[in-house]
Amino acid sequence: MPVGLFRVCLLVITAIVNHPLFFPKENGTVPENTEEIIQKMKEREESLRLEQLRLEQEIADQEATQKALEKDAVAVEESKEEKVRWDMWTALSMVIFLLIELWRQDFQEGNWQDIGGEEDDMAVLGKAFKGVALPDKAVLASFYEKRILGTTGDMARMREMVEGFADDLLEALRSVCNRDADMEVEDCMGVGSMYENWRVRKPFVCDLIVPFAPPEPYCFRCQTWCSGDSFPPDEQGYGTIKVCRADEDATGCICDKTKLGEDMLCLLHSQVSSTRPGSEMEDLLCFKNTQYLDADQVMKWFQIAVTKAWNRISHKYEFDLSFSLLDSPGALKIKFKSGKSIAFNLTPVVQYENSDVYFISHFPWSSLAADIPSSTHWFLTFAVYERRFIQLVSKTLPANACHVSCLQILSFLHGKQCSLTGPSGLTNYHLKTVLLHLLQARPSQDWAPEKLEARLQDMLKFLEKCLHEKKLYHFFIGNGKVPAELGFPVIFQRAEPLNLFRPFVLRRDIYRKMVDTFHEMLKNMSALINEYTVHIPLAHTNGIRKERL
């Protein structure tokens, strides 16, 4: 009964709550404009269709773009493959061209060595100098007899006098030096044109080099540009000299490079045998705060030592001795009471290992070391080997060969031209280097005395070619054909060739001056020779030469 009553009440309440009049709906009315709704739905459908068409068009465009990109990629790949094939052909062509060019140069050089062998060789030097011809054999012979031989007769007597005085001066220098602290000076050696018998220009100057060594227990450790360490191109031909203890390893002990601590001691070096402090290293003529020998300090020490030595022996001689040139510290001059004078150069050098190659502090006779990188860089001189090579080759040449005559004539003409137009970068050492190359390249019989004119042409042609190419290689450095009899160090034979004209490549003004001087010398050659020539018959000239020979 109560359950049935409860159900009836619940039904009544539900009916009242859901009656539409009790909670009227705001949007309960049925829309009256059905056509408007249908129109909007159609418009919506049309907009959706248009949107679908637009999207389909975009998809089609993207597919077309993708196909175009793929096509371009394929074209790029094909072009790359074609370029690679073209680059391979280009590289192959360049290699073939270089091989042909190298062969052509070698062929020309080989032919050039045979050009001068004919006596009827043309006397025209280069395309730029057509019409410039050398004087004939009679004029050259007369010129050589009158101008060259007439002025070089006193060289032997002068060399003997200078060498005797230099030996006495160096002996006095050893006596005034402290053997426990100063450098040890050895005997001097003569080098250069005076001792190779081809100097023709006055005043005659003897060039003497004086090897020296450090006091015990020190020694010199030399390092060259071709010893394996990297040297800049402008420092080729130079080296450094390190002052070390004789018992010290070349690379130095690790105790000099590492702090061992207060409670650790190096078993190889005690405090007594440690490297000298900076001030004492300077006493060994080293650059400040380094162990490298300073060329400027060496020259100052040498000047002071020579002055002391002269003061000790000056009473024995009836002449005065003085330093003649400020820019050449070893240039000395003997002044006699009669007014005459004799000049000579006394230059300290350091021996390279056990060879006759020397580190030289200054070049008093040429401009080879005009631009030394620093005072710790020393130039290497091969003057002793150059003299020995000329002596060795001279033994294989015909009697009274013309090699020295050629160099004397060119040296004389070059000196005369420089006195007219001013000095240039071209030096007598360059002329001597040309002769050394030709002595090695030509057979012995080509240097017979009657072939003076042809060999003179060869030297001029060789020099003209070197000036044109801006390449004149040092005779010994990089030359694997140096005679074994000389005992020349192999390290320099295996080095890269040293171009003596390299400084002029970067300094165009000096190079232009050098070329102009050479051209002017060629043009004025006949006039200069004729100026000093006595015109005599050819037969008489040959008679004079035979009498001299």
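Quick caveat, the model's predicted, so the values are computed rather than measured. (Residues numbered from 1 in each chain as written. Predicted model: local features only at pLDDT ≥ 70, side-chain atom pairs only at ≥ 80, totals over all residues. Heavy atoms only, no water.)

1. Brief notes about the overall build of the chain
Point 1. A tally of helices and strands in the chain yields 15 helices and 10 strands.
Point 2. When the 549 residues of the chain are sorted by exposure, 41% land in the buried category.
Point 3. On the chain, roughly 32500 Å² of surface is accessible, and the fraction owed to carbon and sulfur atoms is 56%. (Helix = DSSP H or I, 4+ residues; strand = E, 2+ residues; numbered from the N terminus. Buried < 20%, exposed > 50% of the residue type's maximum accessible area, 1.4 Å probe, protein only. Areas by Shrake-Rupley, 256 points an atom, 1.4 Å probe, with all protein chains shown as cover.)

2. What about the pattern of salt bridges?
Point 1. By the definition in use, this model includes 16 salt bridges.
Point 2. Between Arg49 and Glu46 there is a salt bridge, and its shortest N-O distance comes to 2.4 Å. Placement of the pair is Arg49 and Glu46 together in helix H2 (residues 34-115), with a separation of three residues, close to one helical turn.
Point 3. Residues Asp458 and Arg442 are paired through a salt bridge, measuring 2.9 Å at the closest nitrogen-oxygen approach. (Salt bridge = Lys/Arg side-chain N within 4 Å of Asp/Glu carboxyl O.)

3. Brief notes about a nonpolar patch on the surface
Point 1. On the surface, Trp89, Leu92, Ile96 and Ile100 cluster together into a nonpolar patch covering about 430 Å² of accessible area.
Point 2. Note that Ile96 resides in helix H2.
Point 3. A relative accessible area of 43% places Ile96 in the partly exposed class. (Patch = residues over 30% accessible without salt bridge, like charges linked within 9 Å, V, L, I, M, F, W, Y side chains within 5 Å.)

4. Description of the pairing of strand S5 (residues 238-245)
Point 1. Where burial is concerned, most of S5 is hidden: eight out of the eight residues are buried.
Point 2. Here S5 shows no split at all, with Tyr238, Thr240, Lys242 and Cys244 on one side and Gly239, Ile241, Val243 and Arg245 on the other all buried.
Point 3. Bridging between strand S4 (residues 218-224) and S5 involves seven bridges; their strand directions are antiparallel. Looking at S5, one finds that Arg221 is bridged to Lys242.
Point 4. Direction of pairing for S5 relative to strand S10 (residues 378-381): antiparallel, over a ladder of two bridges. Bridge pairing in S10 places Gly239 opposite Trp378. (Pairing = 2+ DSSP bridges.)

5. Here's the deal with the nonpolar core
Point 1. Counting 112 residues, the largest nonpolar core has Leu169, Leu293, Phe344 and Leu346 as its most contacted members.
Point 2. Beyond its immediate sequence surroundings of up to four residues, Phe344 is in contact with Val162, Phe165, Val205, Cys206, Leu208, Leu321, Gly330, Ala331, Leu332 and Ile334.
Point 3. Judged by nonpolar contacts, the second largest core, of nine residues, contains Tyr238, Val349, Phe379 and Ala383. (Core = buried A, V, L, I, M, F, W, Y, C linked by side-chain atoms within 4.5 Å. Contact = heavy atoms within 4.5 Å.)

6. Comments concerning unusual backbone geometry
Point 1. Across the junction of Lys202 and Pro203, the peptide omega takes the value 0°, indicating a cis bond.
Point 2. Relative to the assigned elements, Pro203 resides in the loop between helix H5 (193-196) and strand S3 (205-213).
Point 3. The amide bond that connects Glu216 to the next residue, Pro217, takes the cis arrangement and shows omega of 10°.
Point 4. The topology assignment puts Pro217 in the loop between S3 and S4.
Point 5. In this structure, Lys470 is a non-glycine residue whose phi angle is positive, near 60°.

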